[in-house]
Amino acid sequence: MPNTRLILYFAVILALALAMDRLQAAYAQGSTFYVATSGNDTTGNGSAGQPWATISHALDSVPDGSLVLVKPGNYFERVNLRGQFTQGVTVRSEVPYQARLRYNATVVICFYGQGITLEGFDIAHSGPGAGGLVIQIQDLLGSYNGSNGGTDPYVKNIILRNNILHDSYNNDILKVNNGAGDILIEGNIFYNQQGSDEHIDVNSVTNVTIQDNVFFNDFAGSGRSNANDTSSYVVIKDSNGADDTNLGSLDITVRRNVFFNWQGSTGQGFVRVGEDGTAFYEGQNILIENNLMLGNSANQIRSPFQVMGSANVTIRANTVAGNLPAKEFGARIFTYGANLPNDQIRLHNNIWSDPTGTMSDTFSRGGNTTNLSFDNNMFWNNNNAFPTSSEAIIEIVADANRLVADPLLGSQAGLVLPPWNSGANQFGDGSTTIRQVFENVVNRYGALPSNSPAIGQADPAHAPLDDILGRPRDASPDLGAYEFVPALALAGTARDQQVILSWSVNANLQPATTWRITYSPAGGSPPSPISNLPLSMRTYSVSNLSNDVTYTFTLNALLSGSPILTDSVSLVPTDNLVFLPLILK
């Protein structure tokens, strides 16, 4: 007889082996793991029931492709984004902005990481006396700082997304430096750096994209005094020369951001390329586009754009608007120290508008620049003369295809600053997400109304494919950062005794909204008016019309019986249809 004990023993061993294989396979493919203030790095296993205590330990423990959810609470620690992940690991606050990272020195470092996303956190220094920087990303991988022309591993594929990054009490909020590359900084909100430093210091790095962020300062909102001594919101430069394998910062994009409420020094601005007076180009291949820069503050700024000792810099489709007390309302393009002359500097399709008619000291200053292109921009100084200076590198009259007109942007008188209120779980303007803050600022202060003279006036050859909200631009793009899209656009197709209507909506309509279609002359089916069409409807057909007669159709969005959106289209039904011949072979 067979040994039943032996059979049972091997059956158990086989079952355990299969279970272990399944567990290891699932683990290898990545899964969801947890960090909590109640967790333990020694006894925890990263599950929801036994979470770890620190993000750093989680990154040391999880496989590639994992998601690490960090539960709400206060985490007083230095977070080390380390480990190299090909598929990528995302570390996310389980409830947006409710996991708060604090430390009395650099809060988050990434010196040896690849393929890591940090998302949804509230990150700041713990208070006065903290060590330098809130976040630092630099390359200490491999034998060199930097990729050494692609031959050496380097810190790359790091994403900072949807974070509240604020209140540095020593130096920058974010420093990306020393040879790191392929960095994406998107959808964050930045405010309150310390001293002569920046929100973001982009320093001797490659391929960094800064997009869809909100930049402002509000020191009083954080219980701090404003010494008016802080530096630019974003600076692009190279401070360490040959200490890494990069000379200058290369391939940097600053797009679709909003900048406002300047509280810094009179020598700095919103975006600056070059700062150290080096004997090599401090920035090369720099794209600054689709940004909205507001002059709502009474504090004097140097200039919204500064370019120093750099090459191949494109500044296009930006909107600069408001009172903006500035030494140069337009741009400062200059050199300093050992800088090489600026080369290939382009300014196209921008809007500079001061509705108060007090456009600063002058429009520009600078010199020592070759291949400067300045064309097809829009200017407005409330019908007052534009400022000029013997120190100007470009004057407004030098723009051969300039448009002098009021873009009709919204008044900034009611602008509410949006610092985060963790107790109320909302920003100062009442928004509950960073994206809501962003869109509120854009739609209130950067949106072109339907009668703006900026509409359709951009040079398509120098226009981005999208606008500040990420919407595609059409074949006749608009000047500035914002592309006008009608709230309601009605179109139609005419057929034999029939018209097929279709429409698109670019507005948030209340659920009780209905559609109404009217047309003239009368006589079709259904008869005009056609009412109580559901909000979700986007097409409608009217038949039994007379051919070769022009019909005007009007579509209304109705709320409580009153029209809130309206558009019309004229169409001519016809039986003169074109048919392609059928060829038989």
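**Q** I keep staring at the overall build of the protein chain and nothing clicks. Help me out?
**A** Helix and strand counts for the protein chain come out as three helices and 41 strands. The dimensions of the protein chain, computed from C-alpha atoms along their principal axes, are 95 × 90 × 60 Å. In the protein chain, buried positions account for 52% of the 585 residues. For the protein chain, the computed accessible surface area is about 24,100 Å², with 50% contributed by carbon and sulfur atoms. In the protein chain, the 31 positive side-chain charges and the 49 negative ones have mean positions that sit 6 Å from each other.

**Q** Hey, could you run me through the packing of aromatic side chains in this one?
**A** The description of two aromatic rings rests on the distance between their centres and on the angle between their planes. Overall, the coordinates contain 26 aromatic pairs when judged by the stated rule. Centroid distance Phe216 to Phe260: 5.3 Å. Interplanar angle 5°. Geometry classified as stacked. With a gap of 44 residues between them, Phe216 in the loop between β16 (214-215) and β17 (234-237) and Phe260 in the loop between β19 (258-259) and β20 (271-273) connect regions that are remote in the sequence. Both residues of the pair, Phe216 and Phe260, belong to the buried class. Among the aromatic side chains, those forming a connected cluster through ring pairs are Phe190, Phe215, Tyr233, Phe259, Trp262 and Phe270. Across from the ring centre of Tyr169, 4.1 Å away, lies the NZ or CZ of Arg224, which sits over that ring.

**Q** Is there a simple way to explain the sheet that holds strand β41 (residues 562-571) in this structure?
**A** Across a sheet, paired strands are connected by hydrogen bonds in the backbone, their directions being either parallel or antiparallel. With respect to topology, four strands assemble into an open sheet ordered β38-β37-β40-β41, the strand pairing being antiparallel. Edge positions in the sheet fall to β38 (530-533) and β41, since each of these pairs with one other strand and no more. In this sheet, neighbouring strand axes are inclined to one another by 20° on average, regardless of whether the strands run parallel or antiparallel. Strand direction decides the pairing type here: strand β40 (residues 551-559) and β41, joined by nine bridges, are antiparallel. Bridging from a neighbouring strand, Phe553 pairs with Val569 of β41.

**Q** Would you mind going over the pattern of salt bridges with me for this structure?
**A** A side chain with one charge can pair with a side chain of the opposite charge if their charged atoms come near. This model, assessed by the stated rule, comprises 20 salt bridges. Here Asp466 and Arg256 are joined by a salt bridge, their closest N and O atoms 2.9 Å apart. In this pair, Asp466 is assigned in the loop between α3 (434-445) and β35 (488-495) and Arg256 in the loop between β18 (249-255) and β19, connecting sequence segments 210 residues apart. You'll find Asp466 and Arg256 in the same group, each marked buried. Arg316 is paired through a salt bridge with Glu289; the nearest N and O atoms lie 2.7 Å apart.

**Q** Honestly, α3 in this entry has me stumped. Any pointers?
**A** Three- or four-residue spacings in an α-helix give side chains the same orientation, since the helix completes a turn every 3.6 residues. With twelve residues, α3 extends 17 Å between its outermost C-alpha atoms, agreeing within 8% with the 16 Å of an ideal straight helix rising 1.5 Å per residue. Turning to α3, its buried residues are Ile434, Val437, Phe438, Val441, Val442 and Tyr445. Down the axis, α3 shows its buried residues gathered within 125° of arc, on one side only. Check the buried side of α3 and you find it contacts β10 (164-166), β13 (189-191), β16, β19, β22 (292-295) and β34 (426-427).

**Q** Please clarify how the sheet that holds strand β32 (residues 403-404) should be interpreted in this entry.
**A** Strand order in the open sheet formed by twelve strands is β3-β5-β7-β10-β13-β16-β19-β22-β25-β28-β31-β32, with parallel pairing between adjacent strands. Of all the strands in the sheet, the pair left with one neighbour each is β3 (73-76) and β32. Pairing analysis gives three bridges linking strand β25 (residues 319-322) to strand β28 (residues 351-353), with the strands arranged parallel. By the bridge assignment for β28, Thr319 is matched with Ile351.

**Q** Could you clarify how one ought to interpret the layout of surface pockets in this entry?
**A** One water molecule sets the probe size; rolling that probe over the atoms shows where empty space is left. Considered as a void within the structure, the largest pocket measures approximately 320 Å³ in volume. As for the largest pocket, its lining consists of 16 residues, of which Asn443, Leu469, Arg471, Tyr482 and Asn506 are closest to the centre. Within this model, the second largest pocket holds a volume of roughly 230 Å³. Lining the second largest pocket we find 18 residues, and of these Gly322, Pro355, Gly410, Ser411 and Gln412 sit closest to its centre. Counted by class, the lining of the second largest pocket contains seven nonpolar, ten polar and one charged residues.

**Q** Would you mind going over unusual backbone geometry with me for this structure?
**A** Negative phi values dominate among residues other than glycine, just as trans dominates among peptide bonds. The residue after Ser520, namely Pro521, is reached through a cis peptide bond having omega 0°. With respect to the helices, strands and loops of the structure, Pro521 is situated in the loop between β37 (514-520) and β38. Note the cis peptide between Ser525 and Pro526, where omega equals -5°. Tracing the backbone through its elements, the reader meets Pro526 in the loop between β37 and β38.

**Q** Just to check I follow, could you spell out empty space enclosed by the protein for this structure?
**A** Per the stated rule, a full pass over the model turns up one cavity of 30 Å³ or more. Roughly 60 Å³ of internal volume is contained in the largest cavity. Phe260, Leu415, Val416, Pro418, Asp429, Val437, Asn440, Val441, Arg444 and Tyr445 together form the lining of the largest cavity.

**Q** What's the story with the nonpolar core in this structure? I'm lost.
**A** In summary, soluble globular proteins display a tendency toward joint burial of nonpolar side chains. Residues Ile123 and Ile137 are the most contacted members of the largest nonpolar core, which totals 79 residues. A per-element tally of this core places strand β4 (residues 79-93) first, with five residues. In contact with Ile123, not counting residues within four places along its chain, are Leu101, Arg102, Val107, Val108, Leu118, Val134, Ile135, Asn163, Ile164, Leu165 and His166.

**Q** What am I meant to see in the confidence of the model for the protein chain here?
**A** Parts of the model with low pLDDT should not have their predicted coordinates read in detail. In this model, the protein chain carries a mean pLDDT of 94, and residues with pLDDT of at least 70 account for 93%. Across residues 14-29 the pLDDT falls below 50, and counting only partners more than four positions away or on other chains, this stretch makes eight contacts in the model.

**Q** Quick question: what am I supposed to make of the side chain of Asp152 here?
**A** Note that Asp152 resides in the loop between β8 (135-138) and β9 (156-161). Within polar-contact distance, the side chain of Asp152 engages the backbone nitrogen of Ser143 at 3.1 Å. With residues up to four places along the chain from it excluded, the contact list for Asp152 reads Leu141, Gly142, Ser143, Tyr144, Gly146 and Ser147.

**Q** What's the story with the environment of Phe270 in this structure? I'm lost.
**A** Relative to the elements of secondary structure, Phe270 occurs in the loop between β19 and β20. Once the C-alpha coordinates of Phe270 and Phe215 are considered, the two residues, 55 residues apart in sequence, prove to be 8.7 Å apart. Discounting residues that sit within four places of it in the chain, Phe270 has contacts with Ser232, Tyr233, Val234, Phe259, Phe260, Trp262, Met293, Leu294, Ile301, Ser303, Pro304 and Leu324.

**Q** For this particular structure, what's the right way to read the pairing of strand β26 (residues 328-334)?
**A** Within β26, seven of the seven residues are buried, which leaves the element mostly enclosed by the surrounding structure. Strand direction decides the pairing type here: strand β23 (residues 305-308) and β26, joined by four bridges, are parallel. Looking at the pairing, Val307 lines up with Ile333 of β26. As judged from the four bridges shared by β26 and strand β29 (residues 362-366), these two strands associate in the parallel manner. Bridging across to β29, Arg332 finds its partner in Arg365.

Each value, and the rule that gives it
Residues numbered from 1 in each chain as written. Predicted model: local features only at pLDDT ≥ 70, side-chain atom pairs only at ≥ 80, totals over all residues. Heavy atoms only, no water. Helix = DSSP H or I, 4+ residues; strand = E, 2+ residues; numbered from the N terminus. Buried < 20%, exposed > 50% of the residue type's maximum accessible area, 1.4 Å probe, protein only. Areas by Shrake-Rupley, 256 points an atom, 1.4 Å probe, with all protein chains shown as cover. Lys, Arg positive; Asp, Glu negative; His and termini not counted. Charge placed at Lys NZ, Arg CZ, Asp CG, Glu CD. Phe/Tyr/Trp six-rings, centres within 6.5 Å; stacked < 30°, edge-to-face > 60°. Lys NZ or Arg CZ within 6 Å of the ring centre and 35° of its normal. Pairing = 2+ DSSP bridges. Axes fitted to C-alpha atoms, helices over the stretch in contact; angles between N-to-C directions. Salt bridge = Lys/Arg side-chain N within 4 Å of Asp/Glu carboxyl O. Expected span 1.5 Å × (residues − 1). Arc of directions from axis to C-beta. Contact = heavy atoms within 4.5 Å. 1 Å grid on protein atoms, 1.4 Å probe; cavity = no way out; pocket = protein on both sides within 12 Å on 5 of 7 lines; lining within 4 Å. Points joined across faces, edges and corners; volume = space filled by probe spheres on them. Nonpolar A, V, L, I, M, F, W, Y, C, P; charged D, E, K, R; others polar. Core = buried A, V, L, I, M, F, W, Y, C linked by side-chain atoms within 4.5 Å. pLDDT = per-residue confidence, 0-100. Polar contact = N/O pair within 3.5 Å; in protein donor to acceptor, adjacent residues only side chain to side chain.

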